[in-house]
Structure formats: structure tokens, C-alpha cells
Amino acid sequence: MRGNHFMELRAFELVARRLSFSQAAADLGVSKAALSQIVKNLEQRVGVRLLNRTTRSVALTDAGSELLARLSPALLDLVNAVDNIEKFRNKPSGVIRIKSCQLGIDMHLKPILGVFSKELPEISLEINVQDGDIDMVANGFDAAIRPEGQIDLDLIGVKIGKVHRQVFVASPDYLESSGNLENHTDLRSHKCVSVRQSKHGQSAAWRYAYDGRFFVIEPKGPLIVNDYKLAMEAVTAGWGISLVPLIYAEPYLKSGQAQQILTECVSDIPPFYLCYPKQELTTNAFRSFVNFMKQCSRNLS
């Protein structure tokens, strides 16, 4: 159906319901003469008179009555369909699909979920935990949370956090049986619980600063895991020393199940970014989500 055909049907439907060219013209924002010509064009196209008009009144013909009976519900469905779509523009609602590693979720999504659900209750979040790099768009994700240095050039990156601290930890039982570390260089002679990097398939090197110098060591030990929470469980079970983000170590440090060691060593995790494709047309829901994450970041800084 051409655009002018739809306009003809819409014009006829209004005149037929109002039984007045003047009122229908006001509804459409056109002149009475223009509306009359639009209805004439429809009648000429279908080859049937639809309205009987005089200078004082408008009445439906039998053909006009039948067309109105079929046309009104169809036009109402079309209007409702457009109205339903406009809610995505006018009111933040819909589903946002996010991909992140576990650390990004624990640091930046878990803390804000409660506030988010209250401020933007019509938006649903679908959160997918994946440590490896994947094509966001091809896999149907709207955004990803990635650490600094892992942002593709075709993505927009919005900083949503600051540098996060890592700490060296061990259990009291392990330190008692193996001896306290007097120097960070002693790490090479101790059992270590290391965390594997999914991207490279090898355990992550431990990077830290001490007395103004930067050090990198490859941890050696009886256990390699790919989850910081599991690493902490292993530490408390006496498997050895580990370097983990403070957010995972804190509960165990407070309970006394683990102790922080080598406090003079400084190890930081780079800040994370909310990443999404460069595109002009985004939903109101996604814009609201990005603005919410920006505000949370400002509140933390």
C-alpha cells in the first residue's frame, strides 16, 4: 500500500466516524477542501461512492458502511502498534544484554543492581559471564565490561571505575607450617595458587611494585584455577599463597581465615570500561543504562 492510499483510508475513516468534513479536517490538520479531494480520490480509485454529501450533511452509502466496519479495527490496530513502539523512545524499557568477565560483574554490576531496579524498573538486564574475547555484535550483546587495554577500536569505551587493589594472602596454617615471608623475593620458593587467564591459556603473571621498582614473577605451585573465589577457598585450605583482588580477599581477612602478607607490595587492577558499538540509533533504555553507569562511576570517584 502506498503512503497516499493509507492517507485516503485514514481520511475516509475519520469523516465516516464524525459524519463531518469540518471536524475530520480539524483532526487531521488539513483544510476542508483538501480533505474532500482526498476522499474523492479514494472513491475514484475504488470505483464506488462511499459517502453521500450535501451542503448540510454527510451519510454513508452501503459500500461506505461495509468499508468502515472493516477499516476501523484495522486502523486501530495500526495506531496501537505505533503507540507500543513509541514507548521505547519515550520511556526507558526493554532488555539490555551485557557480557563481562566475573571480576567486572563483581566490581561494577553487583553493587548497583538494587539501585538500578528501583530507578529503571522497566529495563531488564541479561548478564552473561564470559572471560574470553568474543564478537559482541555477532553474539547479540549490547555492551561489554572490559578492562583498560582490551577495548576494540570500533567500540566506545566509558570508564566506569577506578584502579582496584590486589593483595597477597595466605592462611595462618600455611604461614605457620611454611614460615612467614620476610621478603617479596621469597615468593619463588613458596607454593602459589595462581589464576589462569582464559585468553592465553596460562596462569597470570604476578605484577607488583616494591620500593619504587616494578616486578613480574611467574607463580609456581600445586593449583591453578580460573576463578578468584575458588582461589580464596584454596588459600584458606592451605594450598599456598595467592594474589587476588581485595574484594574477594576482604571477607576472609575479616574472618581471620586468611592473612594479608607483603603489605609493602603494591599491585593494582586497571580500571574497567563499559564498551558498546558506535551507532547513532540507540534505544532510550540503552542510553538510560549508560547514563546510569556514568553516574555510578562519578559517585565512586
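The paragraphs below set out a description of the structure included in this document. Owing to the predicted nature of the structure, the values given are computational and were not obtained by experimental measurement.

Before going further, it helps to examine the packing of helix H2 (residues 21-28) against helix H3 (residues 32-46). A packed helix pair is summarised by two numbers, namely the angle formed by the two axes and the spacing between the axes. At a minimum axis distance of 9 Å, the contact between H2 and H3 shows a crossing angle of 100°. Classified by the angle between their axes, H2 and H3 sit roughly perpendicular to one another. Contacts between H2 and H3 involve Phe21, Ser22, Ala24, Ala25 and Leu28 from the first element and Lys32, Leu35, Ser36 and Val39 from the second. Its residues placed into classes, the contact of H2 with H3 shows six nonpolar, two polar and one charged.

The tendency in soluble globular proteins is for nonpolar side chains to be buried as a group. The biggest cluster of nonpolar side chains holds 41 residues, and the ones touching the most others in it are Met232, Phe272, Leu274, Phe289 and Met293. Broken down by element, this core gets its largest block of residues, seven residues, from helix H10 (residues 284-300). Discounting residues that sit within four places of it in the chain, Leu274 has contacts with Ala143, Ala144, Ile145, Ile156, Gly157, Val158, Ile160, Phe289, Val290 and Met293. The next biggest cluster of nonpolar side chains, apart from the first, holds 19 residues, and it includes Phe12, Val58, Leu71 and Leu75.

All right, on to the sheet that holds strand E6 (residues 155-159) then. As a general point, the strands of a sheet are linked pairwise by backbone hydrogen bonds and lie either parallel or antiparallel. If you walk across this open sheet you meet the five strands as E4-E3-E5-E16-E6, and the pairing is mixed. The sheet is open, and its two edges are formed by strand E4 (123-129) and E6, each paired on a single side. With strand direction ignored, the average angle separating the axes of adjacent strands in the sheet is 30°. Inspection of the sheet shows strand E3 (residues 94-100) paired to strand E5 (residues 143-147) by three bridges, in the parallel sense. Bridge assignment links Ile98 to a residue of E5, and that residue is Ala143.

What follows concerns the pairing of strand E10 (residues 206-210). Consecutive side chains of a regular strand alternate in pointing toward one face of the sheet and then the other. Note: E10 against strand E11 (residues 213-217), five bridges, orientation antiparallel. Looking at E11, one finds that Tyr208 is bridged to Phe215. Hairpin remark: E10 followed by E11, antiparallel, with two residues in the connecting loop; positive phi at Asp211, about 55°.

Basis of the calculations
Residues numbered from 1 in each chain as written. Predicted model: local features only at pLDDT ≥ 70, side-chain atom pairs only at ≥ 80, totals over all residues. Heavy atoms only, no water. Axes fitted to C-alpha atoms, helices over the stretch in contact; angles between N-to-C directions. Helix = DSSP H or I, 4+ residues; strand = E, 2+ residues; numbered from the N terminus. Parallel < 35°, antiparallel > 145°, perpendicular 65-115°, else oblique. Contact = heavy atoms within 4.5 Å. Nonpolar A, V, L, I, M, F, W, Y, C, P; charged D, E, K, R; others polar. Core = buried A, V, L, I, M, F, W, Y, C linked by side-chain atoms within 4.5 Å. Buried < 20%, exposed > 50% of the residue type's maximum accessible area, 1.4 Å probe, protein only. Pairing = 2+ DSSP bridges.

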